[in-house]
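# A look at the structure
The chain contents come next:
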Amino acid sequence: MPTPSPLPLGAAILPFRRDEAAATPLLLSPPLLTGEEETQFARLLQSGWLAPAGPTLAAFEAAVGEAAGFPHVLATGSATAALLLAYRLLGVGPGDEVWTSSLTFIATIAPAVQMGATPRFLDVSPESWTLDPALLAEELAAAAQRGRLPRVVVSVDLYGQPADIPALRAACDRWGVPLVSDSACALGATQHGRPAGQGACLAVTSFNGNKIVTAGGGGALLADEAAPIARARHLATQARDPAPHYEHTEAGFNLVMSAVLAAVGLAQLPALERRVLARRRLFDRYAAALGALPGLSFMPEPGWARSTRWLSAMLVEPRRFGADREALRRALLAEGIESRPVWKPLHLQPAFHHAPFAGGAVAAALFERGLCLPSGSGMGAAEQDRVIAAVAGLARA
Ligand SMILES: *Cc1c(COP(=O)(O)O)cnc(C)c1O
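Below: a short report on this structure. Quick caveat, the model's predicted, so the values are computed rather than measured. (Residues numbered from 1 in each chain as written. Predicted model: local features only at pLDDT ≥ 70, side-chain atom pairs only at ≥ 80, totals over all residues. Heavy atoms only, no water.)

### Thoughts on the state of the cysteines
Applying the stated criterion to the full structure yields zero disulfides. Take Cys185: it sits in no disulfide, and the sulfur closest to it among the cysteines is that of Cys372, at 10.0 Å. When its relative accessible area of 10% is taken as the criterion, Cys185 is described as buried. (Disulfide = S-S within 2.5 Å. Buried < 20%, exposed > 50% of the residue type's maximum accessible area, 1.4 Å probe, protein only.)

### Concerning the sheet that holds strand β13 (residues 340–341)
Across the sheet, four strands lie side by side as β10-β12-β15-β13; this open sheet has antiparallel pairing. Single-partner strands in this sheet number two, and they are β10 (296–298) and β13. Sheet topology note: the β10/strand β12 (residues 312–316) ladder contains three bridges and is antiparallel. Across the sheet, Phe298 pairs through a bridge with Met314, a residue of β12. Running at roughly 155° to β10, helix α9 (residues 272–290) makes contact with β10, β12 and β15 (370–373) of the sheet. (Pairing = 2+ DSSP bridges. Helix = DSSP H or I, 4+ residues; strand = E, 2+ residues; numbered from the N terminus. Contact = heavy atoms within 4.5 Å. Axes fitted to C-alpha atoms, helices over the stretch in contact; angles between N-to-C directions.)

### Overview of the pairing of strand β4 (residues 152–156)
Along β4, five of the five residues are buried, which leaves the element largely enclosed by surrounding structure. Burial along β4 is two-sided: Val152, Val154 and Val156 facing one way and Val153 and Ser155 facing the other are all buried. Relative to β4, strand β2 (residues 97–101) runs parallel, the two being bridged by three bridges. Each residue of the ladder has a partner; that of Val98, found in β4, is Val152. Sheet analysis places β4 next to strand β5 (residues 179–182), joined by four bridges and oriented parallel. Paired with Val153 across the strands is Leu179, a residue of β5. Following the chain from β4 across helix α6 (residues 165–173) to the adjacent parallel β5, one finds a crossover that is right-handed. (Right-handed = clockwise from strand over helix to strand, strands pointing away.)

### Description of the packing of helix α5 (residues 133–146) against α6
One way to put it is that α5 packs onto α6 with a least axis distance of 9 Å and a crossing angle of 5°. By the angle between their axes, α5 is roughly parallel relative to α6. On α6, the residues touching Pro133, Leu136, Ala137 and Leu140 of α5 are Ala167, Leu168, Ala171 and Cys172. Considering only residue class, the contact of α5 with α6 consists of eight nonpolar, no polar and no charged. (Parallel < 35°, antiparallel > 145°, perpendicular 65-115°, else oblique. Nonpolar A, V, L, I, M, F, W, Y, C, P; charged D, E, K, R; others polar.)

### Considering the pattern of salt bridges
In the structure shown here, the tally under the stated rule is 14 salt bridges. In this structure, Arg169 and Asp173 form a salt bridge, with 2.8 Å as the shortest nitrogen-oxygen distance. Within this pair, Arg169 and its partner Asp173 are both found in helix α6, separated by four residues, close to a single helical turn. Judged by relative accessible area, which is 43%, Asp173 ranks as partly exposed. A salt bridge links Arg340 to Glu338, with the nearest nitrogen and oxygen atoms 3.0 Å apart. Residue Glu338 is classed as buried on the basis of its relative accessible area, which comes to 6%. In the salt-bridge network here, residues are joined through shared partners; they are Arg325, Glu326, Arg329 and Arg330. (Salt bridge = Lys/Arg side-chain N within 4 Å of Asp/Glu carboxyl O.)

### Description of the site of the ligand
In the vicinity of the ligand, 14 residues are found, and the nearest of them are Ala79, Thr80, Asp182, Ser206 and Lys211. In the model, an oxygen atom of the ligand is placed 2.7 Å from a nitrogen or oxygen of the Ser206 side chain. A distance of 3.0 Å separates an oxygen atom of the ligand from a polar side-chain atom of Asn208. In the complex, the protein chains occlude 93% of the 380 Å² of accessible area that the ligand would expose alone. Most atoms of the ligand, that is more than half of them, are within 2 Å of grid points of the second largest pocket. Residues that form the shell around the ligand fall into these classes: seven nonpolar, five polar and two charged. (Near = heavy atom within 4 Å. Polar contact = N/O pair within 3.5 Å; in protein donor to acceptor, adjacent residues only side chain to side chain. Areas by Shrake-Rupley, 256 points an atom, 1.4 Å probe, with all protein chains shown as cover. 1 Å grid on protein atoms, 1.4 Å probe; cavity = no way out; pocket = protein on both sides within 12 Å on 5 of 7 lines; lining within 4 Å. Sits in = over half its atoms within 2 Å of the grid points.)

Now the structure itself:
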């Protein structure tokens, strides 16, 4: 049996009531050990490669490629670092626009902004909560007419739900714009029978502590071809040219994953499919128990998608339910249950209040009403019943 981590995420910040015997904190998505971590650490120490290189890192990259369905992989310090490398490979710089779904974590766009690009945010489709392909096609045609196509379009897999890559790719291909997939939380998902992100020119995934499998932090850049990964590896290791001394024709970065993290990742990856099934079961159980209550509905899954259900997300319609999303979140917190609003759309973030936005109010409405419930792969039925009872207890009688 996998054991819960002794240091669950968020434990330090949650004001749990100490007087409540039943209230062991229930966290959104705490890391879960497989029991193989010590074995992998011991192997790493025996190898002597305490470095961002060596056999452990190579084995991790091969295992990630296998799990993600991409033949070429660079393990990085984070998914954010992998995105930075993707943007660099695609030549993003000052004066460029980078377009992405507004409903995402800031890490999707932050590296492009650091590189001087201007973000443009697009609304999501209500069918998948991911970047709307019809809207993207319209906006690209309008941009072509203005004579200012984006340098890159970035699709985002939301809470484990893969974006519709073939449809997005068709819109991008018409204008020769490259598509990058932020698949940070969708390792193990499929779209149109292919792994999440497959069909994009580059994709990234994350091994942050809150993802379904973790390396204790880390990420990967994924590609179908060898050349971009070789180029990214060069850039990510200070862009050293072949010479006995330190020779550089350009300035690079230091973004490669440590082998110490890779050892943890190697212990975690074999549990991926089991944990995806566990999270999908949790989602189905929430939806079965709560989905019929007035004012509650659950994140849809299009027929072409198999989400990992990284986080179980639901919508609260305040008048019918009897409480709004925030009142529900606070009521859960008082019971020692961590939940979190759906991403605040980036076009509503103070950091991007000048950035252009295209589309309707789908993302804004999902933020207004959306709540993510505890979704840890190790959560048992009794614990989930606590969440279900707490939500149902607030429903209008
Ligand atoms: C987790 C996550 C990231 C960031 O991953 P890091 O490895 O922490 O940099 C980026 N985008 C999305 C959609 C995520 O869920």
